[in-house]
Amino acid sequence: MFKKIAAGFASAALLAAAPAWSAAPAPARDNMSHALAVTGMVETPLTLKVADLRQLPPANGGEIAVTRHNGEKAETITSYRGVRLRDILDKAVLDAPGHNDVKKLAIIATATDGYAVVFSWGELYNAPAGEGVIVYYEKNGKALDDNDGEIALISAKDIRTGPRHVKWLNGIEVRKLVE
Ligand SMILES: Nc1nc2c(c(=O)[nH]1)N[C@H]1C(S)=C(S)[C@@H](COP(=O)(O)O)O[C@H]1N2
Ligand SMILES: [Mo]
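Here, residues in each chain are numbered from 1, in the same order as that chain's written sequence. Lettering of chains starts at A and numbering of ligands starts at 1, both following the order in which they are written. Per-residue local features are limited, in this predicted model, to residues with pLDDT of at least 70; the limit for side-chain atom pairs, both in listing and counting, is 80 or more; totals at the level of whole chains, interfaces and linings are taken over all residues. To obtain the side-chain values, all non-hydrogen atoms of the structure were included, while hydrogens and water were left out.

1. Structural notes on the site of ligand 1
Throughout, near means a residue has at least one heavy atom within 4 Å of the molecule or strand. As a matter of local geometry, ligand 1 sits amid R68, A74, A111, D113, Y115, G162, H165, K167 and W168. Here a polar contact is taken to be a pair of N or O atoms separated by no more than 3.5 Å, where protein atoms must pair a possible hydrogen donor with a possible acceptor and residues adjacent in sequence count only if both atoms sit in side chains. One of the side-chain N or O atoms of R68 is found 2.5 Å from an oxygen atom in ligand 1. Take D113: an N or O atom from its side chain is 2.7 Å from a nitrogen atom of ligand 1. Each accessible area value is a Shrake-Rupley result obtained with a 1.4 Å probe; residue values ignore everything except the protein chains displayed when judging cover. A total of 520 Å² of accessible area belongs to ligand 1 in isolation, and the protein chains cover 72% of it. Under the scheme applied here, ten amino acids are nonpolar (Ala, Val, Leu, Ile, Met, Phe, Trp, Tyr, Cys and Pro), four are charged (Asp, Glu, Lys and Arg), and all others, including Gly, are polar. Taken together, the residues of the shell around ligand 1 break down into 4 nonpolar, 2 polar and 3 charged.

Shown next as structure tokens:
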């Protein structure tokens, strides 16, 4: 008799406690990027917020499958609004006065969580890949959220698009790799 009551009490206590646990907030993913800094070998360093990106020549597009390096599907972007990385660099103006200087430039895209990927001048300005390197601020008709926002980058023409999909993009650094 006493055991039954005790057991009933214990399970009631568990039931009462359950909603409190499920109501606990998920761990915060505070990686949001609120601005993009363009730095390094440029004549005019820039800090661009989404409102500033909207003023640049638009590069809006359709479906991009995001695939991990092993070919697994991460997500499908059905539409995006953004700007070509090339147009952002042209606004900042590459600091490359010598005839052969641009050819020595690397362009590094960084994120708030420390993720970073590398492009070259040749790739962005003189290869088909450059057309598809997009800094974007809207996906599937909406502003980017905690999962990748407010600003992200993708290299849409890559074979596997996951590795150079930079979520929470906050930096573009231009570096001269060779003297
Ligand atoms: N900022 C940031 N972007 C990132 C990553 C990361 O760790 N940090 N991981 C990359 C990798 S390895 C892949 S495959 C894609 C898709 O990862 P997801 O499955 O986490 O969306 O996001 C990429 N973008
Ligand atoms: Mo990946």
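2. Some points on the confidence of the model for the protein
Across the chain, each position has a pLDDT score giving the predictor's confidence in that residue, from 0 to 100. Mean pLDDT for the protein: 89, with 84% of residues reaching 70 or above. Residue contacts follow a heavy-atom distance rule, with two residues in contact if any of their heavy atoms lie within 4.5 Å. Across residues 1-20, confidence stays below pLDDT 50; counting only partners more than four residues off in sequence or on other chains, it has 1 contact.

3. A closer look at the pairing of strand β6 (residues 105-111)
Relative accessible area decides the class of each residue, using a 1.4 Å probe on protein chains only: under 20% of the type maximum gives buried, over 50% gives exposed, and in between gives partly exposed. Secondary structure follows DSSP: runs of H or I at least 4 residues long count as helices, runs of E at least 2 residues long count as strands, and numbering of each begins at the N terminus. The element β6 is extensively covered by neighbouring structure, given that 6 of its 7 residues are classed as buried. Pairing between strands is defined by DSSP: at least two bridges between them are needed. Turn length for the β6-strand β7 (residues 116-120) hairpin, with the two strands adjacent in sequence and antiparallel, is 4 residues, and the turn residue G114 shows positive phi of about 95°.

4. Concerning the nonpolar core
Formed by 33 residues in total, the largest nonpolar core has its most connected members in L53, L85, I88, V135, L153, L169 and I172. Leave out the neighbours within four places in its chain, and L153 touches L85, A109, F119, V133, I134, V135, Y136, R164, H165, V166, L169 and I172. Membership of the second largest hydrophobic core comes to 10 residues, among which are A59, I134, L144 and I154. Remark: nonpolar core denotes a set of buried residues (Ala, Val, Leu, Ile, Met, Phe, Trp, Tyr, Cys) joined through side-chain atoms within 4.5 Å.

5. Examining the packing of aromatic side chains
Centres within 6.5 Å are what make two rings of Phe, Tyr or Trp a pair, Trp counting through its six-membered ring; a difference in plane orientation under 30 degrees is then read as stacked, over 60 as edge-to-face, and the rest as tilted. Inspection of every chain in the model, using the stated rule, returns 2 aromatic pairs. With centroids separated by 5.8 Å and ring planes inclined at 15°, the aromatic side chains of W121 and Y125 adopt a geometry described as stacked. Linking W121 with Y125, this pair stays in helix α4 (residues 121-125), spanning 4 residues, or about one helical turn. By relative accessible area, which is 24% here, Y125 ends up partly exposed.

6. So, the sheet that holds β7
Overall, mixed pairing links the 5 strands, which are arranged β2-β1-β11-β6-β7 in an open sheet. At either end of the open sheet lies a strand with only one pairing partner, and these are β2 (46-48) and β7. For this sheet, the mean angle separating the axes of adjacent strands, direction not counted, is 20°. When β6 meets strand β11 (residues 169-176), the two strands line up antiparallel, connected through 7 bridges. Residue pairing for β11: L105 is matched across the bridge by K176. Lines fitted to the C-alpha atoms define the axes, with helices restricted to the stretch that makes contact. Angles between their N-to-C directions range from 0 to 180 degrees.

7. Regarding unusual backbone geometry
Here the bond from G149 into E150 is cis, since omega is 0°, no more than 30 degrees from zero. Mapped onto the elements of the fold, E150 is located in the loop between β9 (142-143) and β10 (152-155). Phi is positive for V93, close to 65°, though the residue is something other than glycine. By the element assignment, V93 lies in the loop between α3 (85-92) and β6. Under the relative-accessibility criterion, V93 is labelled partly exposed at 33%.

8. So, α3
Buried residues of α3: L85, R86, I88, L89 and A92, and no others. The buried residues of α3 all sit within an arc of 160° when viewed along its axis, so they share a single face. Trailing α3 by a residue or two, V93 shows a phi angle of about 65°, which is positive. When we speak of the arc, we mean the arc of directions from the helix axis to the C-beta atoms.

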